[in-house]
Amino acid sequence: MSGPILEVRGVEQRFGPFQALGPVDLVLHRGERLGIIGPNGSGKTTLINCISGTLRPQQGRVVFDGVDVTDLPPHRRARMGLSRSFQIPKPFTGMTVLENLLVPIDQISPSADAEDRALAVLESVGLQRRAGHEAGGLSQLELRKLELARALVVEPKVLVADEAMAGLSEGEIDDVLAILTHLSATGIAVIMIEHIMHAVMRFSTRIVCFETGRTIADAAPDVIAADPLVQKVYFGEQTRH
Ligand SMILES: Nc1ncnc2c1ncn2[C@@H]1O[C@H](COP(=O)(O)OP(=O)(O)OP(=O)(O)O)[C@@H](O)[C@H]1O
């Protein structure tokens, strides 16, 4: 199918009387690397909750691969190829790394070759040698890789990576960026929500900046970096931290 892989059309989310998001329109093209930035509380997580299905927006539609998924729960969206990794990895600590991948495969897309698929994904994130180890004993970097792997075993068309690099060292950030770049080269579109500015600038082909629930800029990284409004609402705040 041609056309965008994901469309957010007029999405609005309120919590009680508080309008946390929208209305927001956003288009993600196939294979694109989209960065989402914005100050704390600007609505980034709320948006990706609406995209992945954790939240059902009060207004607007989410269209994935030409199908309106607004009313579908997260696991149905994942089955269609819309996958998300979480900022705080929550592996099943009593299980091995490999078993941690067999669970989502079993839930989302069971198949006879589940173990081979899981091992291939572990190799793609550089965790193949840890397959038989208990997930509870992984380092912080390995946990982030396992979190990405859990999102990848369902063979997504879109991966939403929520702060996959927060708290990592510069070398570890490079490691995760290399994995995401490799995934993108295989055709997966990636949405990166990230506060680590040099990482999101390096990775993204396009960046959207949020402020109080709305997009205030949508452009190439160099244009975003020079945008006076983005500098005022976001980069100014970043340098104060
Ligand atoms: N369940 C909720 N109930 C009430 N308010 C909420 C809820 N979830 C988010 N909010 C509010 O909605 C606004 C947007 O929050 P959101 O978490 O989407 O921002 P964010 O851009 O992801 O922030 P951060 O960069 O800190 O993760 C904030 O003011 C937040 O307090």
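A short tour of the structure in this document, coming up. Quantities reported herein were computed from a predicted structural model and do not represent experimental measurements. Counting restarts for each chain: residues are numbered from 1 in the order of the written sequence. In keeping with the model being predicted, local features are shown solely for residues with a pLDDT of at least 70 and side-chain atom pairs are shown and tallied solely at 80 or more, while totals for entire chains, interfaces and linings include all residues.

## Things to note about the nonpolar core
We call a set of buried Ala, Val, Leu, Ile, Met, Phe, Trp, Tyr and Cys residues a nonpolar core when their C-beta atoms link them within 7 Å. Three classes are used. A residue is buried when 20 or more other C-beta atoms lie within 10 Å of its own, exposed when 12 or fewer do, and partly exposed in between, with C-beta atoms placed from the backbone. Ranked by internal contacts, the top residues of the largest apolar core, which has 64 residues, are L122, A149, V158, L159, A161, V190 and I191. The contact rule is simple: place each C-beta atom from the backbone, and if two of them lie within 7 Å, those residues are in contact. Excluding its chain neighbours within four sequence positions, the residues that come into contact with V158 are I5, L6, L28, G81, L82, S83, I188, A189 and I191.

## Some remarks on the site of the ligand
Neighbouring the ligand are the residues F15, F18, A20, G38, N40, G41, S42, G43, K44, T45 and T46. Every helix listed is a DSSP run of H or I at least four residues long, and every strand listed is a run of E at least two residues long, numbered separately from the N terminus. Elements that contribute at least two residues to the shell around the ligand include exactly β2 (18–28) and α1 (44–52). No other element matches the three residues that α1 contributes to the shell around the ligand. Throughout, the ten residues Ala, Val, Leu, Ile, Met, Phe, Trp, Tyr, Cys and Pro are labelled nonpolar, Asp, Glu, Lys and Arg are labelled charged, and all others, Gly among them, are labelled polar. Split into classes, the residues belonging to the shell around the ligand amount to three nonpolar, seven polar and one charged. A residue counts as near a molecule or strand when its C-beta atom, positioned from the backbone, falls within 6 Å of it.

## Observations regarding the pairing of strand β7 (residues 158–162)
Taking burial as the measure, the five residues of β7 include five buried ones, the bulk of the element. Relative to β7, strand β6 (residues 82–85) runs parallel, the two sharing four bridges. Bridged to L82 within β7 is V158. As judged from the five bridges shared by β7 and strand β8 (residues 189–193), these two strands associate in the parallel manner. Counted as the bridge partner of A161 is M192 from β8. By the convention used here, strands pair only if DSSP detects at least 2 bridges between them.

## With respect to the pairing of β8
Counting buried positions along β8 yields five of five residues, so the element is predominantly enclosed. Across the two faces of β8 the burial is the same, with A189, I191 and I193 and V190 and M192 all buried. Sheet topology places strand β3 (residues 33–37) next to β8; four bridges connect them, and they run parallel. Note that in β8 the partner of I36 across the bridge is I193. Crossover handedness is defined by viewing with both strands directed away from the observer: a clockwise path from the first strand over the helix to the second marks the crossover as right-handed. Taking the sense of rotation as the criterion, the β-α-β connection linking β7, helix α6 (residues 170–185) and β8 turns out right-handed.

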